[in-house]
Amino acid sequence: MSRLSAFNSPLLLGFDHFERVLDRVAKSQGEGYPPYNIEQIGENGLRISLAVAGFSMDDLSVGLEDNQLIVRGRQADDESGRIFLHRGIAARQFQRAFVLAEGIEVVNATLDNGLLHIDLMRPRPEPRVKTIPIQGAGTTASSGAPRTIDVAADPGGHGRSRPRNGQ
(Lines give C-alpha, C1' and ligand atoms only; values in the text may rest on other atoms or scores of the structure.)
Protein backbone atom coordinates (compact mmCIF):
# COMPACT_ATOMS: atom_id res chain seq x y z
CA MET A 1 0.00 0.00 0.00
CA SER A 2 1.48 3.36 -0.97
CA ARG A 3 1.72 6.24 1.47
CA LEU A 4 -0.26 9.40 0.77
CA SER A 5 1.95 12.46 0.76
CA ALA A 6 1.11 16.13 1.10
CA PHE A 7 3.71 16.84 -1.58
CA ASN A 8 1.98 14.93 -4.41
CA SER A 9 0.47 18.06 -5.94
CA PRO A 10 1.77 18.91 -9.42
CA LEU A 11 2.13 22.51 -8.20
CA LEU A 12 4.80 21.51 -5.67
CA LEU A 13 7.79 20.79 -7.89
CA GLY A 14 11.08 19.87 -6.27
CA PHE A 15 9.74 19.49 -2.73
CA ASP A 16 10.70 15.80 -2.40
CA HIS A 17 13.61 16.94 -0.21
CA PHE A 18 11.13 18.34 2.33
CA GLU A 19 9.24 15.07 2.35
CA ARG A 20 12.45 13.19 3.21
CA VAL A 21 13.20 15.71 5.98
CA LEU A 22 9.73 15.27 7.47
CA ASP A 23 10.22 11.49 7.41
CA ARG A 24 13.49 11.89 9.33
CA VAL A 25 11.83 14.14 11.88
CA ALA A 26 8.99 11.68 12.39
CA LYS A 27 11.45 8.83 13.00
CA SER A 28 13.42 10.81 15.59
CA GLN A 29 10.34 11.79 17.65
CA GLY A 30 10.51 8.61 19.75
CA GLU A 31 13.83 9.55 21.32
CA GLY A 32 13.53 10.79 24.88
CA TYR A 33 17.09 10.71 26.17
CA PRO A 34 18.87 12.95 26.86
CA PRO A 35 16.43 15.76 27.56
CA TYR A 36 17.12 19.02 25.74
CA ASN A 37 16.08 22.66 25.36
CA ILE A 38 16.10 24.80 22.23
CA GLU A 39 16.23 28.54 22.77
CA GLN A 40 16.64 31.60 20.63
CA ILE A 41 19.71 33.67 21.42
CA GLY A 42 19.80 36.91 19.52
CA GLU A 43 18.01 37.73 16.31
CA ASN A 44 19.57 34.94 14.21
CA GLY A 45 20.99 32.61 16.85
CA LEU A 46 19.72 29.35 18.33
CA ARG A 47 21.09 27.23 21.16
CA ILE A 48 20.44 23.55 21.79
CA SER A 49 21.22 22.48 25.36
CA LEU A 50 21.35 18.77 26.20
CA ALA A 51 21.47 17.41 29.77
CA VAL A 52 24.47 15.07 29.67
CA ALA A 53 25.35 14.69 33.36
CA GLY A 54 28.12 12.17 33.90
CA PHE A 55 29.52 12.45 30.36
CA SER A 56 32.95 13.97 29.79
CA MET A 57 34.08 15.74 26.60
CA ASP A 58 35.79 12.52 25.52
CA ASP A 59 32.47 10.64 25.81
CA LEU A 60 30.58 13.05 23.50
CA SER A 61 30.71 13.76 19.78
CA VAL A 62 28.89 16.36 17.71
CA GLY A 63 28.75 16.15 13.91
CA LEU A 64 26.81 17.08 10.79
CA GLU A 65 25.47 14.41 8.43
CA ASP A 66 23.22 15.44 5.52
CA ASN A 67 21.74 18.53 7.22
CA GLN A 68 21.31 16.62 10.47
CA LEU A 69 23.08 17.62 13.65
CA ILE A 70 24.01 14.32 15.33
CA VAL A 71 25.00 14.26 19.01
CA ARG A 72 26.34 10.96 20.33
CA GLY A 73 27.34 9.96 23.82
CA ARG A 74 29.07 6.80 24.92
CA GLN A 75 30.53 6.25 28.37
CA ALA A 76 33.26 3.72 28.92
CA ASP A 77 32.26 0.82 31.16
CA ASP A 78 33.78 1.85 34.47
CA GLU A 79 32.16 -0.69 36.72
CA SER A 80 35.42 -1.66 38.49
CA GLY A 81 33.75 -3.32 41.46
CA ARG A 82 31.14 -0.64 42.14
CA ILE A 83 27.92 -1.92 43.68
CA PHE A 84 24.88 0.29 43.13
CA LEU A 85 22.00 0.10 45.58
CA HIS A 86 20.06 2.44 43.28
CA ARG A 87 21.10 3.66 39.84
CA GLY A 88 19.04 6.67 38.79
CA ILE A 89 21.69 8.47 36.74
CA ALA A 90 21.54 7.12 33.23
CA ALA A 91 24.88 5.98 31.90
CA ARG A 92 23.67 4.56 28.63
CA GLN A 93 24.84 5.52 25.19
CA PHE A 94 22.65 7.80 23.12
CA GLN A 95 22.27 9.40 19.75
CA ARG A 96 20.13 12.51 19.31
CA ALA A 97 19.48 13.94 15.83
CA PHE A 98 18.23 17.43 14.93
CA VAL A 99 17.24 18.20 11.34
CA LEU A 100 18.67 21.59 10.32
CA ALA A 101 17.26 23.87 7.64
CA GLU A 102 19.44 24.76 4.67
CA GLY A 103 22.05 27.36 5.56
CA ILE A 104 22.03 26.92 9.36
CA GLU A 105 25.59 26.79 10.62
CA VAL A 106 26.94 25.21 13.79
CA VAL A 107 29.00 27.91 15.51
CA ASN A 108 30.39 25.99 18.50
CA ALA A 109 29.71 23.40 21.19
CA THR A 110 30.59 23.77 24.88
CA LEU A 111 30.22 21.46 27.88
CA ASP A 112 29.38 23.33 31.08
CA ASN A 113 28.09 21.88 34.38
CA GLY A 114 26.57 18.78 32.77
CA LEU A 115 24.96 20.68 29.89
CA LEU A 116 26.17 20.43 26.32
CA HIS A 117 25.40 23.73 24.57
CA ILE A 118 25.44 23.82 20.76
CA ASP A 119 25.15 27.29 19.22
CA LEU A 120 23.67 27.66 15.75
CA MET A 121 23.47 30.66 13.42
CA ARG A 122 20.64 31.20 10.98
CA PRO A 123 21.81 33.53 8.16
CA ARG A 124 19.42 36.13 6.84
CA PRO A 125 18.02 35.15 3.46
CA GLU A 126 18.79 37.56 0.65
CA PRO A 127 15.75 38.36 -1.50
CA ARG A 128 16.20 37.10 -5.06
CA VAL A 129 14.51 38.58 -8.08
CA LYS A 130 15.37 37.30 -11.53
CA THR A 131 13.96 38.05 -14.97
CA ILE A 132 13.89 35.07 -17.29
CA PRO A 133 14.29 35.93 -20.99
CA ILE A 134 11.71 34.41 -23.32
CA GLN A 135 12.87 33.22 -26.72
CA GLY A 136 10.85 32.24 -29.74
CA ALA A 137 10.66 28.59 -30.70
CA GLY A 138 12.84 29.08 -33.81
CA THR A 139 15.48 31.31 -32.19
CA THR A 140 18.57 30.44 -30.26
CA ALA A 141 20.48 32.49 -27.77
CA SER A 142 22.90 33.69 -30.48
CA SER A 143 20.33 34.43 -33.21
CA GLY A 144 18.92 37.59 -31.78
CA ALA A 145 17.90 39.54 -28.76
CA PRO A 146 15.67 37.63 -26.36
CA ARG A 147 12.18 38.92 -25.81
CA THR A 148 10.38 39.36 -22.54
CA ILE A 149 6.74 40.05 -21.97
CA ASP A 150 5.69 43.21 -20.16
CA VAL A 151 2.70 42.23 -18.05
CA ALA A 152 1.48 45.80 -17.66
CA ALA A 153 -1.75 46.57 -19.51
CA ASP A 154 -1.41 48.36 -22.86
CA PRO A 155 -2.30 52.04 -23.04
CA GLY A 156 -5.48 51.25 -24.94
CA GLY A 157 -6.86 49.45 -21.89
CA HIS A 158 -7.33 46.11 -23.69
CA GLY A 159 -5.40 44.25 -20.96
CA ARG A 160 -3.10 42.46 -23.41
CA SER A 161 0.60 42.20 -22.83
CA ARG A 162 3.08 43.71 -25.21
CA PRO A 163 6.31 41.99 -26.30
CA ARG A 164 9.43 44.12 -25.94
CA ASN A 165 12.75 43.48 -27.60
CA GLY A 166 16.04 43.42 -25.72
CA GLN A 167 14.84 42.80 -22.16
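Note: the structure precedes this text.
Residues numbered from 1 in each chain as written. Predicted model: local features only at pLDDT ≥ 70, side-chain atom pairs only at ≥ 80, totals over all residues. Heavy atoms only, no water.

## Some thoughts on the sheet that holds strand E6 (residues 105-112)
Strand order in this open sheet of 4 strands is E1-E2-E7-E6, and the pairing throughout is antiparallel. A single partner strand is all that each edge strand has here, and the edge strands are strand E1 (36-40) and E6. Strand-to-strand twist across the sheet, computed as the mean angle between neighbouring axes with direction ignored, equals 15°. (Pairing = 2+ DSSP bridges. Helix = DSSP H or I, 4+ residues; strand = E, 2+ residues; numbered from the N terminus. Axes fitted to C-alpha atoms, helices over the stretch in contact; angles between N-to-C directions.)

## A look at the sheet that holds strand E5 (residues 94-99)
With antiparallel pairing, the 3 strands of this open sheet are ordered in space as E3-E4-E5. With partners counted over all chains shown, the strands left at the sheet margins are strand E3 (60-65) and E5, one partner each. For this sheet, the mean inter-axis angle between neighbouring strands, taken without regard to orientation, is 15°. With 6 bridges connecting them, strand E4 (residues 68-73) and E5 associate as antiparallel partners. Within the sheet, the bridge partner assigned to Val-71 lies in E5 and is Arg-96.

## Concerning the packing of aromatic side chains
Considering all chains together, one arrives at 3 aromatic pairs under this definition. When the ring of Tyr-33 is compared with that of Phe-94, the centres are 5.8 Å apart and the planes differ by 90°; the resulting orientation is edge-to-face. Taken together, the positions of Tyr-33 in the loop between helix H1 (16-28) and E1 and Phe-94 in strand E5 put the pair 61 residues apart, joining distant regions of the chain. Using a relative accessible area of 8% as the deciding quantity, one classes Phe-94 as buried. Between Tyr-36 and Phe-98, the ring centres sit 5.1 Å apart and the planes meet at 85°, which makes this aromatic pair edge-to-face. You can see Tyr-36 sitting in strand E1 and its partner Phe-98 sitting in strand E5, a full 62 residues away along the chain. Since its relative accessible area comes to 37%, Tyr-36 is described here as partly exposed. Members of the aromatic cluster, each reached through a chain of ring pairs, are Tyr-33, Phe-55 and Phe-94. Above the ring of Phe-84, the side-chain terminus of Arg-87 is found at 4.4 Å from the ring centroid. Across the ring face of Tyr-33, the terminal group of Arg-92 is positioned such that the distance to the ring centre comes to 4.1 Å. (Phe/Tyr/Trp six-rings, centres within 6.5 Å; stacked < 30°, edge-to-face > 60°. Buried < 20%, exposed > 50% of the residue type's maximum accessible area, 1.4 Å probe, protein only. Lys NZ or Arg CZ within 6 Å of the ring centre and 35° of its normal.)

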